[in-house]
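# Commentary on secondary and tertiary structure
Residues per chain, in single letters:
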Amino acid sequence: MLPAMNRELLTLEPSGIRRFTALARATPGCAMLTIGEPDLNTPEPIKTACKQALDANKTHYPVNAGDLELRQAVCAFEAARNGYDYAENEVLITHGATEALFVAMRGVLNPGDEVIVPTPAFGLYETIARLAGAVVVPLDTARTGFQIDEAALQAAITPKTKLLVLNSPNNPTGVVYTQATLEGVRRAVEGRPIFVLCDDVYSQLVYAPCPLFARFRALREQLLVVQSFSKPYAMTGWRMGYLMGDARVIEKLLLYHAATVVSVASYAQDACIEALRQDVAPTVRLYRARRDRMLAALDAMGLPAARPEGAFYVFPSIARYGLSSEEFCTRAITEGRVAAVPGSCFGAEGYIRLSYCCSAEQIDTALARLAAFLKTL
Ligand code: PLP
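Below you will find a few notes about this structure. (Residues numbered from 1 in each chain as written. Predicted model: local features only at pLDDT ≥ 70, side-chain atom pairs only at ≥ 80, totals over all residues. Heavy atoms only, no water.)

What you see with strand E12 (residues 352-355) is no split at all: Ile-352 and Leu-354 on one side and Arg-353 and Ser-355 on the other are buried throughout. Pairing of strand E9 (residues 313-314) with E12 involves two bridges; the strand directions are antiparallel. Bridging across to E12, Tyr-313 finds its partner in Ser-355. In terms of strand pairing, strand E11 (residues 341-342) meets E12 through two bridges, oriented antiparallel. From the neighbouring strand, Val-341 faces E12, where its bridge partner is Arg-353. (Buried < 20%, exposed > 50% of the residue type's maximum accessible area, 1.4 Å probe, protein only. Helix = DSSP H or I, 4+ residues; strand = E, 2+ residues; numbered from the N terminus. Pairing = 2+ DSSP bridges.)

Our focus in this paragraph is the sheet that holds E12. Across the sheet, which stays open at both edges, the three strands sit in the order E9-E12-E11 with antiparallel pairing between neighbours. Strand pairing shows two members of the sheet lacking a second neighbour, E9 and E11, which therefore form its edges.

Residues in close proximity to the ligand total 15 residues, the closest being Thr-98, Asp-199, Ser-228, Lys-231 and Arg-239. Here an oxygen atom of the ligand and a side-chain polar atom of Asn-171 are 2.9 Å apart. Between the ligand and the protein, one listed contact pairs an oxygen atom with a side-chain N or O atom of Lys-231 at 2.6 Å. At four residues, the largest contribution of residues to the shell around the ligand is made by helix H5 (residues 96-108). Counted by class, the shell around the ligand contains six nonpolar, six polar and three charged residues. (Near = heavy atom within 4 Å. Polar contact = N/O pair within 3.5 Å; in protein donor to acceptor, adjacent residues only side chain to side chain. Nonpolar A, V, L, I, M, F, W, Y, C, P; charged D, E, K, R; others polar.)

The end-to-end C-alpha distance of helix H3 (residues 44-55) is 16 Å, a good match for the 16 Å that twelve residues give at a rise of 1.5 Å each. Taken residue by residue, H3 has Ile-46, Ala-49, Cys-50 and Ala-53 as its buried positions. All buried residues of H3 project into a common sector of 95 degrees when viewed along the axis, lining one side. Opposite the packed face of H3, turned more than 90 degrees from it, sit the exposed residues Gln-52 and Asp-55. (Expected span 1.5 Å × (residues − 1). Arc of directions from axis to C-beta.)

Tallied over the entire structure, the rule returns 23 salt bridges. Lys-162 is paired through a salt bridge with Asp-113; the nearest N and O atoms lie 3.1 Å apart. A residue pair is termed long-range when its members are at least 10 positions apart, and Lys-162 in strand E5 (residues 161-166) and Asp-113 in the loop between H5 and strand E3 (114-119) qualify at 49 residues. Asp-113 sits in the buried class, given a relative accessible area of 13%. For Arg-291, the salt bridge goes to Glu-309, with nearest N and O atoms at 3.0 Å. Remark: Glu-309 occurs in the loop between helix H11 (281-300) and E9 and Arg-291 occurs in helix H11; sequence separation between them is 18 residues. Residues participating in the shared-partner salt-bridge network are Asp-85, Glu-90, Arg-217, Arg-220, Glu-221, Asp-246 and Arg-248. (Salt bridge = Lys/Arg side-chain N within 4 Å of Asp/Glu carboxyl O.)

Right, let's talk about unusual backbone geometry for a bit. A cis amide bond links Ser-168 to the next residue, Pro-169, at an omega of -5 degrees. Along the polypeptide, Pro-169 turns up in the loop between E5 and helix H8 (179-189). Residue Pro-172 is bonded to the preceding Asn-171 through a cis peptide linkage, with omega at 25 degrees. With respect to the helices and strands, Pro-172 occurs in the loop between E5 and H8. A positive phi is found at Arg-239, a non-glycine position, where the angle reads about 60 degrees. Assignment of secondary structure puts Arg-239 in the loop between strand E7 (223-228) and strand E8 (241-245). Classification of Arg-239 as partly exposed rests on a relative accessible area of 32%.

Take a look at the structure:
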């Protein structure tokens, strides 16, 4: 007899992104615009720092929160870049942003709590909220240029609201929240017992000034800030990230982290110190050129998209074709040999996500196929 498993876990399905990537991979010669990771390799100095750490036998249990040197490097980096005033005991080194999100959300949510998630959104927020028995309250931003409308946010807040998720630059839209949007959010949450989870993993990959909510230092006690080494330094496989928050919150979240993973790998932490010394400007220039190439091609084929000012995604509307985003993407793969991710995977119907984590030639091939496919509809 198969014993029953956890109720919340049983409600989960594999991510739609993986499903569409698998379908594309099974289609010979399909051009992929589904990938959400840099096509670049980890820079040599970062790899060298890791090799040196291994040669020095840095292979023993590290302290739970992460090496003091790395946490100090993070504090200095965040102070210089964003003006944040986090101390070493307010930083937790995690297994990617994924674990930081998990620890932060599981650590503050109780069953029945409400989590406001502006949509379209990265699917992991809903997954973790559900595992915690919390209730996701989607806040549609599609009608307001993917910016959060202050009145809509105010209306979504109830006495059960525990957490608001902010992700800017956003996956899947690439849109950056304006300062006016963030001011509106501040007015909505200030003085209320609500945590604001800032998933800022794309904040270094920006093509215009990027206001950040966590710069409102007066709201320090409510802030949980998530960062990743994956995207800016092409380190997705290293699984390294960090979480910052008020000392009293981090002290407790550390217990969750220690009970779940103990700590991150010892030797990888030296690599992260080196990563924080890297200049990401050449990477940003490369992505910006690809973004411009993609926007020009989409414009030429008449697919309207909000202008992405960060990350490596564009989220055009396919509404005028009258197909669901799943149907559109399935047919694009099987009939047009080009793969995109349906907007439905991010809680937004009528859109597709295109990623420009690939060479200019691949972008050109994929978009030529997309243009040809559109003509058949
Ligand atoms: N947050 C967002 C918005 C993402 O897009 C991703 C990865 O795609 C993550 C978090 C997870 O990043 P990591 O590789 O650091 O776990």
